[in-house]
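Examination of the molecular architecture
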Amino acid sequence: VYTHAFMPTKFIVSFTTSPTRINKCGPMIHSILNQTRKPDLFLLNIPGVFARTGETYRVPKYIRKSLTVNHVDTDYGPATKIVPAVAYLKTPEVRDTYHPDNTRIIYLDDDISYPPRMIETYERMISSNDHSVWTATGFDFVNLELNGKRAYKDTATIAEGYGSVCVKLNTFGDNFMDYMTQYTAVDNQICRLSDDVILSNYYHKQNVAIFIINLPGYLSIHDMWNENKILDYGNETDALHMGAGGTSDNNVDRYKRVITALNK
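Residues numbered from 1 in each chain as written. Predicted model: local features only at pLDDT ≥ 70, side-chain atom pairs only at ≥ 80, totals over all residues. Heavy atoms only, no water.

Before going further, it helps to spend a moment on the pattern of salt bridges. Within this structure, the stated rule accounts for 13 salt bridges. In this structure, K81 engages D109 in a salt bridge whose closest nitrogen and oxygen atoms are separated by 2.6 Å. Of this pair, K81 sits in the loop between β3 (68-72) and α3 (83-89) while D109 sits in the loop between β4 (103-107) and α4 (118-125); the two residues are 28 residues apart in sequence, bridging distant segments of the chain. Across the pair R150 and E160 runs a salt bridge, and its minimum N-O distance is 3.9 Å. Placement of the pair is R150 in the loop between β7 (145-149) and β8 (158-159) and E160 in the loop between β8 and β9 (165-168), with a sequence separation of 10 residues. Here R150 falls in the partly exposed class, since its relative accessible area comes to 28%. You can call E160 buried: its relative accessible area is 13%. Salt bridges here are not isolated pairs; linked through shared partners, they connect R21, D110 and D111. (Salt bridge = Lys/Arg side-chain N within 4 Å of Asp/Glu carboxyl O. Helix = DSSP H or I, 4+ residues; strand = E, 2+ residues; numbered from the N terminus. Buried < 20%, exposed > 50% of the residue type's maximum accessible area, 1.4 Å probe, protein only.)

Laid out in structure tokens, this is it:
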């Protein structure tokens, strides 16, 4: 009889998108379907109504056939890429299949074509008893200025979702949903649109370290930029990090205000 301690790690890939971008994210979806190590579960989390515009979603048939569409009641802003996935994996229907100690969630953006060895790299390089968060790109705050972290096994204060972030399911405690509900409220736009900072702050509150994984030819943010993996529509006005039309603010300026708000 196998216990969860001896079971192989399962990998869930999780993301979200907006109603105007759901027909654009085919290249990103195909990059996950073409991974050398297939995900055990591929989740698209979408709310019934996209809060920033009031629009509803029309999910293309090829998406419904390619992955699991996780319909949720609450729009958590960009953090919808991960929050509903955690809730889904803890439901009675699936929690026995995805044990928290042996399940890792890779959350990512809808506008990146991810390298084909991404999941394989996370699986090979992270030991089963490693509870750290791993990401392809991150940064520190130094006097409210961003200092990018790219070196392999370097530590980072903030894990950036666009490079992909791999986190163990047992990182998310019973306090996670209340925490995310507070900082993703519709009337808290500064924090709501800064999911990388809010999520990373949660990891630190849980005493979980963040490390960089950067292996050329396997999973490297430098390769992703050099090979044009950053898709053109990522910089359009409906990009989630630009507020999907709700604000012209950018990540860098907003992050400074988020850190100030969290300090208070």
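There's more to say after this.
Counted by the stated rule, this structure contains one cavity of 30 Å³ or more. If you add up the space inside the largest cavity, you get close to 40 Å³. Surrounding the largest cavity, 11 residues form its lining, T16, F50, D75, G77 and T80 being those nearest its centre. In terms of residue class, the lining of the largest cavity is built from five nonpolar, four polar and two charged. (1 Å grid on protein atoms, 1.4 Å probe; cavity = no way out; pocket = protein on both sides within 12 Å on 5 of 7 lines; lining within 4 Å. Points joined across faces, edges and corners; volume = space filled by probe spheres on them. Nonpolar A, V, L, I, M, F, W, Y, C, P; charged D, E, K, R; others polar.)

For helix α9 (residues 251-263), built from 13 residues, the straight-helix expectation of 18 Å at 1.5 Å per residue is met to within 8% by its first-to-last C-alpha distance of 18 Å. Buried within α9 are the following residues: R254, Y255, V258 and I259. Along the axis of α9, the buried positions cluster into a sector of 140°, meaning they face one direction only. On its buried face, α9 sits against β6 (138-142), β7, α6 (189-192) and α7 (195-205). (Expected span 1.5 Å × (residues − 1). Arc of directions from axis to C-beta. Contact = heavy atoms within 4.5 Å.)

On the basis of which strands lie adjacent, the open sheet formed by three strands has the order β7-β6-β8 and antiparallel pairing. If you trace the sheet from one side to the other, it starts and ends with β7 and β8, each paired once. Examined bridge by bridge, β6 and β7 share five bridges and lie antiparallel to one another. The partner of F139 across the bridge, within β7, is G148. (Pairing = 2+ DSSP bridges.)

As summarised here, the arrangement of the seven strands in space is β3-β2-β1-β4-β9-β5-β10, forming an open sheet in which the pairing is mixed. The open sheet is flanked by β3 and β10 (210-212), the only strands paired with a single partner. Strand-to-strand twist across the sheet, computed as the mean angle between neighbouring axes with direction ignored, equals 25°. Relative to β4, strand β1 (residues 10-15) is paired through five bridges, and the arrangement is parallel. Residue pairing for β4: S14 is matched across the bridge by Y107. Relative to strand β2 (residues 41-47), helix α1 (residues 26-33) is tilted by about 155°, and along the sheet it contacts β1 and β2. (Axes fitted to C-alpha atoms, helices over the stretch in contact; angles between N-to-C directions.)

This paragraph deals with the environment of I46. When you line up the elements, I46 lands in strand β2. Sequence separation of I46 and Q189 is 143 residues, and the distance between their C-alpha atoms is 19 Å. In contact with I46, not counting residues within four places along its chain, are T16, T17, Y57, V59, V69, N70, H71 and V72.

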